[in-house]
There are 2 protein chains.
Amino acid sequence: MNRPAKRTGRRPGPNTTRALIEDTAREQFARLGYDRTSMRQIAIEAGVDPALVSHYFGSKLDLFLAVVELPIDPSELIDHVTSGEPDSAGVRLATVVLDILDDEVRRRPIVGMIRAATSEPEAARLVREFLTRNLVVPIAERLDADHADYRAGLVMSQTIGLTLARYIVGIEPLASHPRELVAADLGATLQRYLLGELSHPPIDQEGADHELAPRRVRHDLPARPADVGHPAP
Amino acid sequence: MNRPAKRTGRRPGPNTTRALIEDTAREQFARLGYDRTSMRQIAIEAGVDPALVSHYFGSKLDLFLAVVELPIDPSELIDHVTSGEPDSAGVRLATVVLDILDDEVRRRPIVGMIRAATSEPEAARLVREFLTRNLVVPIAERLDADHADYRAGLVMSQTIGLTLARYIVGIEPLASHPRELVAADLGATLQRYLLGELSHPPIDQEGADHELAPRRVRHDLPARPADVGHPAP
């Protein structure tokens, strides 16, 4: 992360420029989602020079990580999971996930994000765009897996579900089961989702099971609203 | 379900005895959880004869299903999944789950329950006790699987996670991927969780990998609070 350490503390006072940028960014990420938020617009709304935003925070990703305070360094995590034997990538990912979540301090922002994602469309959008695109899709791509987006969704489904079942809902004995054992069981699932054979209709190869379903499911199927369950207007 | 159909509609008027019992039950299930709620206590709080509660609703499970209005008949679902080839139990379970969730009307109460479970300890307790014990553990037991409780937790983790990823957070292309294909991919995971080899320490058989971890993990490990992230007092 290339955030310049101009100051020793993160936020020396409530009204510094840095804090102002952070507050504006936090609000804008929440309101617009990760994709539609721009460094330039944050600068305009904060009333500062756009160059100052990059100067303090580096990239948009760095700024996002700074304000959301996720206990994850994406590039480090991606490197860790994708270096080494491909056969054990799933277990490495599961182990990192459990290491983070078993630590109460690191777990808190993630639990908060998942909680928010279940009730606020903006938070759901952030989880969808940020965690998927910046963490899981790159992992699948670096492992040379086909259908990286679909695989990333499956990985996210099991990872979010594990967070809920083990740490939020607290289903026993899963909740108190030793970390290494859960990592092994979870890891086998993530391994299959990342690199195993899946039943997805082949988009990038001919033949096989494409009669099972339309080839371009994203466009052939009616869109399913992501935020179902919210009160209709 | 042996709920007597004494009346044609569910709730003929806001102040009938039946509606009063339902309201009291709803409140008590939410406050005390499934286990600590009793038919007798509901009757007392509603100021009606305990016999009337059984008369209208049958068992506690029936009453719970009536007030929570889950779109699931547990015994039917358990029968469906556990009848037929054990090798395809996972796919059958995944297919039922997706059939329910792809139907917006049936999905709504489940999404509501999961939403509530992420922020309210009482709802979390209900999910934990009710769905796990009355649905998933019986399925694992009927399939003669060892460690049914642990397996149920893993199944719940993937099922809750799928609900979040596909329907609440809406991660694409998983969210619009054809149901049968997701059922196949999910089914393989559920199959392994239900009947496959897992790394759990053997409790009911000697030898093997018991050196990996304490044998009775529930008691040897410090309890992890289920409702982490809630503001400490």
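Within an unreviewed UniProt entry, the label attached to chain A reads TetR/AcrR family transcriptional regulator, and the organism entered is Rhodococcus xishaensis.

Novice: Explanation requested: the overall build of chain A in the structure shown.
Specialist: Summing up its helical and strand segments, chain A has 11 helices and zero strands in all. Its helices and strands in sequence order give chain A the pattern α-α-α-α-α-α-α-α-α-α-α, from N to C terminus. The proportion of buried residues among the 233 residues of chain A is 54%. A fraction of 64% describes how many contacts in chain A between residues 6 or more apart in sequence connect residues 24 or more apart. Roughly 10300 Å² of accessible area belongs to chain A as shown, and the carbon and sulfur atoms make up 52% of that amount.

Novice: Please explain the pattern of salt bridges as it appears in this structure.
Specialist: Close approach of charged atoms allows side chains of opposite charge to pair. Residue and element names in this part refer to chain A. Tallied over the full model, the rule gives 16 salt bridges over all chains. Across the salt bridge formed by Asp79 and Arg142, the nearest N and O atoms sit 2.7 Å from each other. Taken together, the positions of Asp79 in helix H5 (residues 74-82) and Arg142 in helix H8 (residues 121-142) put the pair 63 residues apart, joining distant regions of the chain. On the basis of relative accessibility, which here comes to 38%, the residue Asp79 falls in the partly exposed class. What emerges from the salt-bridge pattern is a single network uniting Asp99, Asp102, Arg166 and Arg179.

Novice: I'm lost on the nonpolar core in this one. Help?
Specialist: Burial of nonpolar side chains together is a common tendency in soluble globular proteins. Ranked by size, the top nonpolar core spans 138 residues in total, and within it Leu63, Leu77 and Leu93 of chain A together with Leu63, Leu77 and Leu93 of chain B carry the most contacts. Residues contacting Leu93 of chain A, with those up to four places away along its chain left out, are Leu77, Val81, Ile139, Val155, Leu190 and Leu194 of chain A.

Novice: Quick question: what am I supposed to make of the UniProt feature "DNA-binding region" (unreviewed entry) in chain A here?
Specialist: UniProt annotation of "DNA-binding region" (unreviewed entry) refers to residues 38-57 of chain A when read in the numbering used here. The span residues 38-57 of chain A is 80% helical and 0% strand by assignment, and the distance between its end C-alpha atoms comes to 13 Å.

Novice: In this structure, what is going on with the environment of Leu63 of chain A? I would like to understand it.
Specialist: Residue and element names in this part refer to chain A. Topologically, Leu63 is positioned in helix H4 (residues 60-68). Take Leu63: its relative accessible area is 0%, and that puts it in the buried class. Excluding residues that lie within four positions of it along the chain, Leu63 makes contacts with Ala25, Phe29, Met39, Ile42, Val53 and Phe57.

Novice: Got a minute to help me understand helix H1 (residues 17-36) of chain A in this structure?
Specialist: An α-helix turns once per 3.6 residues; consequently, residues spaced three or four apart project the same way. Residue and element names in this part refer to chain A. Taking 1.5 Å per residue, 20 residues should reach 28 Å; H1 reaches only 23 Å between its end C-alpha atoms and comes up short. Residue Ala30 marks the point of greatest curvature in H1, where the axis turns by about 80°. Within the sequence span of H1, burial applies to Arg18, Ala19, Ile21, Glu22, Thr24, Ala25, Gln28, Phe29, Leu32, Gly33 and Tyr34. Of the surrounding secondary structure, the elements contacted by the buried residues of H1 are helix H2 (39-46), helix H3 (50-57), H4 and H8.

Novice: Would you explain the packing of aromatic side chains in this entry?
Specialist: Two descriptors summarise a pair of aromatic rings, namely the distance from one centre to the other and the angle between the planes of the rings. Residues and elements named next belong to chain A. With the rule as written, the count across this model stands at four aromatic pairs over all chains. An angle of 75° between the planes, with centres 6.3 Å apart, marks the rings of Tyr56 and Phe57 as edge-to-face. Residue Tyr56 is classed as buried on the basis of its relative accessible area, which comes to 9%. By relative accessible area, which is 0% here, Phe57 ends up buried.

Novice: What should I look at first to understand unusual backbone geometry in this one?
Specialist: The peptide bond linking Glu172 of chain A to Pro173 of chain A adopts the cis configuration, its omega dihedral lying at 5°. Structurally, the position occupied by Pro173 of chain A is in the loop between helix H9 (148-168) and helix H10 (179-195). Phi at Asp144 of chain B takes a positive value of approximately 65°, unusual for a residue other than glycine. Mapping Asp144 of chain B onto the fold places it in the loop between helix H8 (121-142) and helix H9 (148-168). Look at Asp144 of chain B and you get exposed, because its relative accessible area is 73%. A positive phi angle, near 50°, is found at His147 of chain B, a position not held by glycine. Among the secondary structure elements, His147 of chain B is positioned in the loop between H8 and H9. Take His147 of chain B: its relative accessible area is 16%, and that puts it in the buried class.

Criteria and thresholds
Residues numbered from 1 in each chain as written. Chains lettered and ligands numbered in written order. Predicted model: local features only at pLDDT ≥ 70, side-chain atom pairs only at ≥ 80, totals over all residues. Heavy atoms only, no water. Helix = DSSP H or I, 4+ residues; strand = E, 2+ residues; numbered from the N terminus. Buried < 20%, exposed > 50% of the residue type's maximum accessible area, 1.4 Å probe, protein only. Contact = heavy atoms within 4.5 Å. Areas by Shrake-Rupley, 256 points an atom, 1.4 Å probe, with all protein chains shown as cover. Salt bridge = Lys/Arg side-chain N within 4 Å of Asp/Glu carboxyl O. Core = buried A, V, L, I, M, F, W, Y, C linked by side-chain atoms within 4.5 Å. UniProt positions renumbered as here; feature names shortened; annotations may be inferred. Expected span 1.5 Å × (residues − 1). Bend = angle between axes of the 7 residues up to and from the residue. Phe/Tyr/Trp six-rings, centres within 6.5 Å; stacked < 30°, edge-to-face > 60°.

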